[in-house]
Amino acid sequence: MACDSLRETMLLGMGNPLLDISTVVEESLLKKYDLKEDEAILATDKHTTLYTTLIDKYDVEYIAGGSVQNALRVAQWLLSKPNIVAFFGCVGDDEYSKILKEQAEKAGVKVHYQYTTAEPTGTCAVLVTNYHRTLCANLAAANCFTIDHIQKPENKKLIEEAAFYYVSGFFLTVSLPSILEVAKYAVDHDRPFIMNLSAEFICKFFKEQFMQVIPYVDILFGNDT
C-alpha cells in the first residue's frame, strides 16, 4: 500500500486496554504465583499482590498494552503516519488510565476509551525471564465495555470510516455483542474483519462465542499452541 494512500482511522481495533507493568523477574517469582513461562492468563485471587510486588520491588516500565492496543501501536510505528489507527476499550477514571492514554497517544494511536467508575483501569503483569514473556492480566475496567459505546455517533462514525477491523479473542470474554456488530458491519461493507485466537484458554472455554464470530472473519491469527 502506497504511503500516500494512508488516511486517518483506517484501521480500527477493539479490545481490552491494559496498563502493562513490565519487568525482568526471577523464575522463583513465577513459581510463587503459580505461573508458567510464556503463558497468558487472567488473574485470579492468588495473583492479587503480584502487581504491587512488581511496582514496589522491581524496576518496572509502564506500557500502553492489552493485545489489540499493542498490535495497533506496532502497526502505527510501521506505517509512520499519525492517527492511522483508532481503538475502542474501557478504562477506569483514574491515574492509570491517564498514563495509558498518554502512552497510547504518544505512539500515535487515536484512543476512544469508554470510562467507568465501577472498576479501576486494567493492568497486565509482563514478566520477563530469559527469553520468555509471561502475561497475567487483571481486566478490571476492561470487563465493563458495553455495546452502547460503539453506538455513540462519534464512535459509529469511526466504524464507518475504517477500512480494516481488528479484534482479539480476549475480547470475547467482555462483549460478544460489540464484536458481532462490528463484524457484521465489516462484512456488509466488504471490508476485512481480522481476529486473533489470543490464548489457549480462549479456544478451550470460549469456543461457543468464537464460533458465532468465525463466519465473519477474513484473517485469523494464531500460534503453535
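Just so you know, these numbers come straight off a predicted model, no measurement behind them.

Caption draft 1: Broad picture of the side chain of S97. Looking at where S97 falls in the secondary structure, it is placed in helix 4 (residues 95–106). Look past the residues within four positions of S97 in its chain and what remains in contact with it is V91, G92, Y115 and T121.

Caption draft 2: Inspection of a nonpolar patch on the surface at higher detail. On the surface, V74, W77 and L78 cluster together to form a nonpolar patch covering roughly 390 Å² of accessible area. Following the sequence through the fold, V74 ends up in helix 3 (residues 67–79).

Caption draft 3: How the structure looks around the UniProt feature "domain: Carbohydrate kinase PfkB" (unreviewed entry) in the protein chain. Mapped onto this structure's residue numbering, the UniProt feature "domain: Carbohydrate kinase PfkB" (unreviewed entry) falls at residues 32–224. With 36% helix and 25% strand, residues 32–224 has its two end C-alpha atoms placed 27 Å apart.

Caption draft 4: Just helix 5 (residues 153–161), in detail. Those residues of helix 5 that fall on the buried side of the exposure criterion are N155, L158 and I159. One face of helix 5 carries all of its buried residues, which in axial projection span an arc of 100°. Elements that come into contact with the buried residues of helix 5 comprise strand 1 (11–14), strand 5 (85–92), strand 6 (110–116), strand 9 (164–168) and helix 6 (176–188).

Caption draft 5: Representation of the packing of aromatic side chains within the structure. If you walk through the whole model with that rule in mind, you get six aromatic pairs. Relative to Y113, the ring of F87 has its centre 6.2 Å away and its plane inclined at 85°; by these criteria the two rings are edge-to-face. Linking F87 in strand 5 with Y113 in strand 6, this pair joins segments that are 26 residues apart in sequence. Y113 carries the same exposure label as F87, and that label is buried. Judged by centre distance (6.3 Å) and plane angle (80°), the ring pair of Y113 and Y115 falls under edge-to-face. Overall, Y113 belongs to the buried group, its relative accessible area being 7%. Taken together through their ring pairs, the aromatic side chains of F87, Y113 and Y115 make up a single cluster.

Caption draft 6: Region of the structure containing helix 3. Taking 1.5 Å of rise per residue, the 13 residues of helix 3 would be expected to cover 18 Å, and the 18 Å separating its terminal C-alpha atoms lies within 8% of that figure. Along helix 3, the positions that sit buried rather than exposed are V68, Q69, N70, L72, A75 and Q76. S80 sits one or two positions beyond helix 3 and adopts a positive phi of about 55°.

Caption draft 7: Quick look at the pattern of salt bridges. Inspection of the entire model under this criterion finds six salt bridges. Here E95 and K98 are joined by a salt bridge, their closest N and O atoms 3.9 Å apart. With E95 and K98 both in helix 4, this residue pair falls three residues apart, about one helical turn. For E95, a relative accessible area of 51% translates into the label exposed. Its relative accessible area of 52% is what places K98 among the exposed residues.

Conventions and cut-offs
- What you see as residue numbers is a count from 1 along each chain, following the sequence as written.
- With pLDDT at 70 or above as the cut-off, local features in this predicted model cover only qualifying residues; side-chain atom pairs require 80 or more to be listed or tallied, and sums for whole chains, interfaces and linings still use all residues.
- Each side-chain value is derived from all of the structure's non-hydrogen atoms; neither hydrogens nor water enter the calculation.
- The secondary structure listing takes helices from DSSP runs of H or I that are at least 4 residues long and strands from runs of E that are at least 2 residues long, numbered from the N terminus.
- By definition, residues are in contact when any of their heavy atoms lie within 4.5 Å.
- The patches described consist of residues with a relative accessible area above 30% and no salt bridge, like charges being joined within 9 Å and nonpolar side chains (Val, Leu, Ile, Met, Phe, Trp, Tyr) within 5 Å.
- With residues, only the protein chains shown are counted as cover, and all accessible areas are computed by Shrake-Rupley using a 1.4 Å probe.
- By convention in these notes, a salt bridge is any Lys or Arg side-chain nitrogen within 4 Å of a carboxyl oxygen on Asp or Glu.
- UniProt positions are given in the numbering used here, feature names are shortened, and annotations may be inferred rather than shown by experiment.
- Three labels apply to residues, based on accessible area from a 1.4 Å probe with only protein chains included: buried if under 20% of the type maximum, exposed if over 50%, partly exposed otherwise in between.
- The directions considered for the arc are those from the helix axis to the C-beta atoms.
- Only centres within 6.5 Å qualify two rings of Phe, Tyr or Trp (six-membered ring in Trp) as a pair; their planes then separate them into stacked at under 30 degrees, edge-to-face at over 60, and tilted for everything else.
- Take the residue count of a helix, subtract one, and multiply by 1.5 Å to get its expected span.

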